[in-house]
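# An overview of the molecular structure
Residue strings, one per chain:
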Amino acid sequence: MNKLSLYAAAAVPLAILTALPFAGAADYYVSYLYTIFFWVVLATSWGILSGYAGYWSFGHAAFFGAGVYATATLAGKWDVPFLLTVPIAAGVSATLAVMIGLIVFRSKTLRGELFALLTLSVTFVLAAVVSNTSIDSGAGVYLSNLPIPALGTTSSGTLYLLALGLAVFSLLVSYQIFHGRLGVGLLAICDDEDVAEVKGVPTFRYKLIAFAISSAIASVMGAIHAVYVGYVTVAETFSVTVGLYVVLMSILGGARHWAGPAIGATLITVAQSAVVSGAHAELGHAGVALALIVVILTLPNGIVPSLLRRLPGHANKAKALLEDRSSVPALPEVVEAPRHKLSSERFIEKMILECRDVTKSFGGIHALRGVNLRIMEGEILALVGPNGSGKSTLINLISGHFPLTAGEITMGDSKISDLFPHEIARMGLARTYQIPRLFHNLTVLENVKLCSVFGRNSVEAGEDSEETARKWLAFTGLSDKADALPESLNLHDRKFVEFARALAARPRLLLLDEVLCGLNPAEVDHAVEMIRKIKSGGTTIIFVEHLMRAVVALADRIAVLDQGRLLALGSPPETMRNPEVIGVYLGSGHAA
Amino acid sequence: MTLTLLAQSTLGGLLQGGVYGLLALGLSLSWGLLRLVNLSHFALAFLGAYLTYQFGTSFGFPAWLSGIIIVPLFFLMGLALHALLVQFKVREFASLLVTFGITVLIESAIQWIWSADYLRYNTPYAQVSIKVGPLYVPVLELIAFCSAAVLTGAAWLGLTKTMLGKALRAAASDGQIAAAFGINSVRVSFVLAGLCSASAGLAGVFIALTSTLAPSQIEGWIGVVFAVAIIGGLANPLGALAAGILVGVSEAVTMAAINPAWAPLVAFSILIFILLYRPNPV
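Residues numbered from 1 in each chain as written. Chains lettered and ligands numbered in written order. Predicted model: local features only at pLDDT ≥ 70, side-chain atom pairs only at ≥ 80, totals over all residues.

## Topic: the overall build of chain A
Test applied: A run of DSSP states H or I qualifies as a helix once it reaches four residues; a run of E qualifies as a strand once it reaches two. Both are numbered from the N-terminal end. For the purpose of contact definition, each residue receives a C-beta atom placed from its backbone, and two residues are in contact when these atoms lie within 7 Å.
A tally of helices and strands in chain A yields 25 helices and 12 strands. Considering only residue pairs separated by 6 or more positions, chain A has 75% of its internal contacts joining residues 24 or more positions apart.

## Describing the overall build of chain B
Along chain B, the regular secondary structure elements total 11 helices and 2 strands. Listing the helices and strands of chain B from first to last along the sequence gives α-α-α-α-β-β-α-α-α-α-α-α-α. Across its three principal directions, the C-alpha atoms of chain B cover 60 × 50 × 30 Å. For chain B, contacts bridging at least 24 residues in sequence account for 78% of all contacts bridging at least 6.

## Here we look at the domain arrangement of chain A
Residue and element names in this part refer to chain A. Threshold: A domain assignment, automatic or from a database, supplies the domain bounds used here.
Parsing chain A into structural domains produces domain 1 (2-267) and domain 2 (351-590). Each of domain 1 and domain 2 was reduced to a C-alpha centroid, and the two centroids are 43 Å apart. With 17 residues of domain 1 at the interface, the matching set in domain 2 holds 20 residues. Taken together, the elements giving at least two residues each to the side of domain 1 that touches domain 2 come down to helix 7 (181-191) and helix 8 (193-198).

## Side note on the interface of chain B and chain A
Rules: Residue type decides the class: Asp, Glu, Lys and Arg count as charged, Ala, Val, Leu, Ile, Met, Phe, Trp, Tyr, Cys and Pro as nonpolar, and the leftover types, Gly among them, as polar.
Listed per partner, the contact involves 33 residues of chain B and 32 residues of chain A. Of all elements in the fold, only helix 4 (92-114), helix 9 (217-232) and helix 11 (263-277) of chain B reach the threshold of two or more residues within the side of chain B that touches chain A. Sort the elements by how many residues they give to the side of chain B that touches chain A and helix 4 of chain B lands first, with 14 residues. Class assignment of the residues belonging to the side of chain B that touches chain A gives a composition of 26 nonpolar, 5 polar and 2 charged.

## Some remarks on the pairing of strand 12 (residues 565-570) of chain A
All names here are of chain A. Where we set the bar: Two strands qualify as a pair provided that DSSP identifies no fewer than 2 bridges between them.
Relative to strand 12, strand 11 (residues 557-562) is paired through 5 bridges, and the arrangement is antiparallel. Note on strand 12: the bridge partner recorded for Ala559 is Leu569. Connecting the antiparallel pair strand 11 and strand 12 is a turn made up of 2 residues, with Gln563 showing a positive phi of about 50°.

## Brief notes about helix 11 of chain B
Convention followed: The span one expects for a helix is its residue count, reduced by one, times 1.5 Å. The burial label depends on the number of other C-beta atoms within 10 Å of a residue's C-beta. Counts of 20 or more mean buried, 12 or fewer mean exposed, and intermediate counts mean partly exposed, with C-beta atoms placed from the backbone.
With 15 residues, helix 11 of chain B extends 22 Å from end C-alpha to end C-alpha; this agrees with the ideal 21 Å at 1.5 Å per step. By the burial criterion, the buried members of helix 11 of chain B are B:Pro264, B:Leu265, B:Val266, B:Ala267, B:Phe268 and B:Leu271. Buried residues along helix 11 of chain B sit in contact with helix 5 (111-132) of chain A together with helix 9 and helix 10 (237-257) of chain B.

## So, the pairing of strand 9 (residues 509-513) of chain A
Moving residue by residue along a regular strand, the side chains alternate between the two faces of the sheet. Residues and elements named next belong to chain A. Just so we agree on the cut-off: When the strands point away from the viewer, a crossover counts as right-handed if the route from the first strand across the helix to the second turns clockwise.
A large share of strand 9 lies buried, amounting to 5 of its 5 residues. Taking every second residue as pointing to the same face, both faces of strand 9 are buried, with Leu509, Leu511 and Asp513 on one and Leu510 and Leu512 on the other. For strand 9 and strand 10 (residues 540-544), the ladder comprises 5 bridges, and the chain directions are parallel. Looking at strand 10, one finds that Asp513 is bridged to Val544. What joins strand 9 to strand 10 is helix 22 (residues 521-536), and the crossover it makes is right-handed.

## Quick look at unusual backbone geometry
Of note in this structure, A:Glu514 is not a glycine but carries a positive phi near 50°. Tracing the backbone shows A:Glu514 in the loop between strand 9 and helix 22. Its identity as a non-glycine residue notwithstanding, B:Lys89 has a phi of 50°, on the positive side. Structurally, B:Lys89 can be placed in the loop between helix 3 (63-87) and helix 4.

## Concerning the nonpolar core
What counts, and what does not: For this entry, the nonpolar core is defined as buried Ala, Val, Leu, Ile, Met, Phe, Trp, Tyr and Cys residues connected by C-beta atoms within 7 Å.
Among the nonpolar cores identified, the biggest contains 287 residues, and A:Ala163, A:Ala210, B:Val225 and B:Val228 are the most heavily contacted of them. Top contributing element to this core by residue count: helix 9 (residues 203-229) of chain A, with 16 residues. Mapping this core onto the domain boundaries places at least three of its residues in each of domain 1 (2-267) and domain 2 (351-590) of chain A. Filtering out sequence-adjacent residues up to four positions away, A:Ala210 remains in contact with A:Ile48, A:Leu49, A:Tyr52, A:Ala53, A:Leu182 and A:Leu186.

## Points about the environment of B:Ile106
All names here are of chain B. Checked against the element boundaries, Ile106 lands in helix 4. Here Ile106 falls in the buried class, since 21 other C-beta atoms lie within 10 Å of it. Sequence separation between Ile106 and Phe42 is 64 residues, and the spatial gap between their C-alpha atoms is 9.9 Å.

## Focus on the packing of helix 2 (residues 27-53) of chain A against helix 11 (residues 240-253) of chain A
All names here are of chain A. Heads up, the rule is: For every element, the axis is a line fit to its C-alpha atoms; helices are fit only across the contacting stretch, and the angle between N-to-C directions ranges from 0 to 180 degrees. Every angle not falling under 35 degrees, over 145, or within 65 to 115 is termed oblique; those three ranges are roughly parallel, roughly antiparallel and roughly perpendicular.
Closest axis-to-axis distance for the helix 2/helix 11 pair is 9 Å, and the angle between their directions is 75°. If you check the angle between helix 2 and helix 11, you find them roughly perpendicular. On the side of helix 2, the interface is formed by Trp39, Leu42, Ala43, Trp46, Gly47 and Gly51, while helix 11 contributes Val246, Met249 and Ser250. Its residues placed into classes, the contact of helix 2 with helix 11 shows 6 nonpolar, 3 polar and no charged.

## Concerning the sheet that holds strand 7 (residues 414-415) of chain A
All names here are of chain A. Ordered by their spatial adjacency, 4 strands build an open sheet running 4-3-6-7, and the pairing between neighbours is antiparallel. Of all the strands in the sheet, just strand 4 (365-376) and strand 7 have a single pairing partner and so form its edges. Sheet analysis places strand 3 (residues 351-362) next to strand 4, joined by 9 bridges and oriented antiparallel. Looking across to strand 4, one finds that Ser361 is bridged to His366.

## Remarks on the confidence of the model for chain A
Residue and element names in this part refer to chain A. Stated precisely, the cut-off is as follows: Every residue is assigned a pLDDT by the predictor, reflecting its confidence on a scale from 0 to 100.
Of all residues in chain A, 89% have pLDDT values of 70 or greater, and the mean over the chain is 83. Per-residue pLDDT, averaged within each element of chain A, yields its smallest value for helix 15 (residues 314-324) (47) and its largest for helix 9 (94). Counting contacts from residues 315-330, a segment whose pLDDT is below 50, to residues more than four positions away or on other chains yields 10 contacts. For the stretch residues 341-347, pLDDT sits under 50, and the model shows 9 contacts to residues farther than four places along the chain or on other chains.

## With respect to the environment of A:Leu381
Residues and elements named next belong to chain A. Here Leu381 is to be found in strand 5 (residues 380-384). On a C-alpha basis, the gap between Leu381 and Lys360 in space is 21 Å, while along the polypeptide they are 21 residues apart. Every residue in contact with Leu381, bar those within four places of it in the chain, is listed here: Ile375, Ile542, Ala555, Asp556, Arg557 and Ala559.

## Brief notes about the sheet that holds strand 10 of chain A
Residues and elements named next belong to chain A. In space, the 6 strands of this open sheet follow the order 8-9-10-5-11-12, with mixed pairing throughout. Among the strands making up the open sheet, the edge pair consists of strand 8 (429-431) and strand 12. When strand polarity is set aside, the average angle formed by the axes of neighbouring strands in this sheet is 15°.

## Looking at the packing of helix 1 (residues 3-34) of chain B against helix 9 of chain B
Residue and element names in this part refer to chain B. To be explicit about the condition: By definition, turning the near helix anticlockwise from the far helix through less than a right angle yields a left-handed crossing, and turning it clockwise yields a right-handed one.
One way to put it is that helix 1 packs onto helix 9 with a least axis distance of 8 Å and a crossing angle of 65°. On the basis of their axis angle, the class for helix 1 and helix 9 is roughly perpendicular. Taken as a pair, helix 1 and helix 9 cross one another with a handedness that is right-handed. Mapping the contact onto sequence places Tyr20, Gly21, Leu23, Ala24, Leu27, Ser28 and Trp31 in helix 1 and Trp221, Val224, Val225, Phe226, Val228, Ala229 and Gly232 in helix 9. Of the residues assigned to the contact of helix 1 with helix 9, the class counts are 11 nonpolar, 3 polar and no charged.

Structure (structure tokens):
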């Protein structure tokens, strides 16, 4: 219903805009609107990677310019029909984007900054290449006599229609991505890329795809614009201002929303045409710069998200939650854990995970020195040991967060120690973080839903991801906080969102990293009960814990790590009596 | 190409690299230690250059006197800019945008006051050079290079040997923990922001003396100097100078051996090469 009314609301102005050149509107209006569409396309395409994933490109002009010169060269010099140059232009920029992405997306430190600067430099590089070679030869390329297919109107009318069509197309693409898997993944990348990867988002591939789409659309706009201006120069095409206006427009409108960049683009284009009357171009420039500063300082999220937040309902919920925080919430009854469809078959003693000689060094520090460990399907294994014994490192190695220095880890029949974290997650491994690392711009429900979407076998499971998410929120007692943002939750609740996120991924193997730390005794009892229920639902669990009460209550077996080695492994009573273990915990004097 | 010509351009690149290093120093320290990516660094440098030009042509000030006026003035401007960023709790990414806005504002102001045309500050000592064997060493560039080297050395000593430097590095690696040990991270950050801005002013004096000025030149420096800062490693003064020299020399050799028009590509080629072999350069 909502969607339908949206379409209806869009259809009327769209029809009017399409009819405009046929109705013989004055050239002034046609070119004015063309300028708006031009910026809407560039800003919206920029938002597809940079807005959603937070990788800000300062080099959108490079991809736009690649399109300009692809068409200028093909159509202007080699007489390729204009419409044929458009897909070629898109392909050129997409290839360029993928090449840059392959270099810069591998970086794990300073990701965003490196990307911003590298894209900025690509603009200069491309400008130098184009002006130094026969592509431009420094003199510009004339395209004024280019034959273009007439769409029942003048040639400027045709280009206007093409720009309008492209603007609508880019908005549709951005809308689809925003509401699909790709968009959810990109928004999660923006908040915490490492966690997104561990939760099953193929971050590297998604960034490349988004970058390619974003660049291809900008390039098509370049192809159209080359014909529109009729004479292209390097200075105009690759000017830094193009890249920066696009950023400003998107940020102003709200880069994390599909409509944000388009609204920002329209506002700024209109405002600029009002300010820049005649000779005061630099005043307009300065005005835009000042607007940029004010907007970033006062509205860092942009206009659209700020407006959406003011909508009735949205604000009330958040407020109610904030008030709710003061009262101590009663712990909810622990309900039966929802069963996984895939794990209902009974299992015999079967190995689910094996660590062989797992070794990890950080520089000169040997965190793990050859750990051998087998986890059986359906068991709860507690991983204990003094601080610095390598427990969390082992969890991080199993989930793929760090590469192993030596040894290997297998899950079922497949080796997982050289897979990407998202591939391991897809095989049915989920983990929680000791300090909750929630996606802070997504609501609690969205956080959990994302993990269900990208978790194990999400396609085969055939279950609505929202349903799954709500089910696990109910299980962890967070149903009434589904629409809250993580920052409004207390530590206990945030830990349970971590829990729900891991469970929603339908894991075969669940890694819990100190989930009980920081909880009060009643909350601990509640969590212990919950872990029991999860086990009875068919999930294998490895948990790192310092709280011995919980370890004894839950564990089928205990593995004791000390200085990166496996010290003891066995049933709780057996392990706790092991003199070496007592020695490690209480000092060797007590071991006898 | 003769060996002498090659040596002469290498020398020119080396000296130019000093100015790159000087500009990259402030950028690198502010990015690495304050987590602020300051694009307006370049605009400030050019503002300094234009002021030097104005002081010299209107009042006949010698360049060193302009320097003495500009450096403290820019220190204060750095404090003011930092106050704005601190007031609004601007973080890394937003700082890039805010300082870009400031860059455009300064650029517009320069264009308004001094016009968009090229200006050349002619001084009697502009062309003076010493002859060393077959090579000519331009004195002004040599002074610029030496100042850059001295400042870089001082920044390195300051960061590693003084309490202020250690406090800065501690605050950069973990502000809360540093605060728990009694470091007033806000105060030390102001000092550094002021110093970075002052170094931009000093670089501006040298730019005025050695290059032609136009507001559009600001953008040309951004890419190269950012590449230098990343290649050198953030918050690493010696690295910044070394990377500046590397880029400067490579550019000069490219200009002499191939074609001056390809010079802009040099810094980025080095940067991309480094990213390929070391994806996590910092």
